[in-house]
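# Breakdown of the fold
The lines below spell out each chain.
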Amino acid sequence: MQDQMQTQRFERKYYITERQAIQVREFVRCYLQPDENSDGRPDYSYPVHSLYLDSDELMTYWATVHCEKKRFKLRVRYYDDAPESPLFFEIKRRENECVLKQRGVVHRPAAALLLAGQLPGPEQLVSNTPHHLAALQRFCYLMQQLGARPRMHVAYMREAWVSSQGNSVRVTMDRQVRGETQHEAVFHTQMTQPVFPFGKQHVLELKFTDRFPDWLGKMVRQFDLLQ
């Protein structure tokens with residue numbers, strides 16, 4: 001699974017129908033190309049799974065509900081059940097309109113240690129670059145400060161489009177968004193009784209690192225998208 005993460009960006013989020021999703025796809029393909037994970041897949045979509053952590057008081061959840069200008073989320077992202085597939089420990093922060101992300105990648109056996117507050121050894125790291133190590137250290141610090149532990153498994157099918165000139169613009173459409181409470185540090189893709197909070201709607205996100213591109217504004221107006 002290729003890492004296409006933008007470390008700092010702005011986001012605009014919309015809820016769309018399948019009909020609008022097809023229209024968006026046909027529009028953005030004039031400017032963007034499928035990312036390496038979407039290319040060649042049915043509906044250009046691949047599965048994304050995240051295990052979210054929070055405190056007993058659900059502090060990060062309520063910060064989002066109350067639209068606090070400075071807030072963050074802690075999650076472990078993964079893409080399949082394979083024991084050899086890595087886990088991505090992520091911090092997603094919002095400061096006013098700017099979204100900042102940090103991510104550290106580890107082998108699956110290291111997950112239990114990390115969620116117990118212990119940093120993994122070099123042999124347990126997929127990447128030991130300084131920014132990945134800093135992300136893991138910060139993740140452990142915030143987790144311990146909150147007393148955070150696993151709370152929710154969230155999954156969806158993601159269709160992603162990116163610029164061929166770099167990672168300055170990224171458009172994603174998430175289908176079948178679903179969630180289920182989970183209090184154990186296990187990383188599987190199956191759900192028993194998932195909840196679909198958006199029903200048949202999909203989540204469209206427009207992500208950009210500088211100014212909002214004019215052509216994206218044209219698309220929003222043309223298809224009458226609602227935030």
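A short tour of the structure in this document, coming up. (Residues numbered from 1 in each chain as written. Predicted model: local features only at pLDDT ≥ 70, side-chain atom pairs only at ≥ 80, totals over all residues. Heavy atoms only, no water.)

Note: strand β3 (residues 45-54) against strand β4 (residues 70-78), five bridges, orientation antiparallel. Counted as the bridge partner of Leu-51 is Val-76 from β4. (Pairing = 2+ DSSP bridges. Helix = DSSP H or I, 4+ residues; strand = E, 2+ residues; numbered from the N terminus.)

Checked against the element boundaries, Arg-75 lands in strand β4. Reaching out from Arg-75, the side chain makes a polar contact with the side chain of Tyr-52 at a distance of 3.0 Å. A polar contact of 2.7 Å, which involves the side chain of Arg-75, links it to the side chain of Glu-90. If sequence neighbours within four positions are ignored, Arg-75 has contacts with Ser-50, Leu-51, Tyr-52, Phe-88, Phe-89, Glu-90, Lys-92, Lys-101 and Phe-139. (Polar contact = N/O pair within 3.5 Å; in protein donor to acceptor, adjacent residues only side chain to side chain. Contact = heavy atoms within 4.5 Å.)

On to the nonpolar core. In this structure, Leu-53, Leu-74, Leu-87, Phe-89, Val-106, Phe-139 and Phe-187 are the most contacted members of the largest nonpolar core, which totals 22 residues. Secondary-structure elements contributing two or more residues to this core are β3, β4, β5 (87-95), α3 (111-115) and α4 (130-146). The biggest single contributor to this core is α4, with six residues. Here Phe-187 is in contact with Leu-51, Val-76, Tyr-78, Asp-81, Leu-87, Arg-108, Ala-111 and Leu-115, once residues within four sequence places are set aside. (Core = buried A, V, L, I, M, F, W, Y, C linked by side-chain atoms within 4.5 Å. Buried < 20%, exposed > 50% of the residue type's maximum accessible area, 1.4 Å probe, protein only.)

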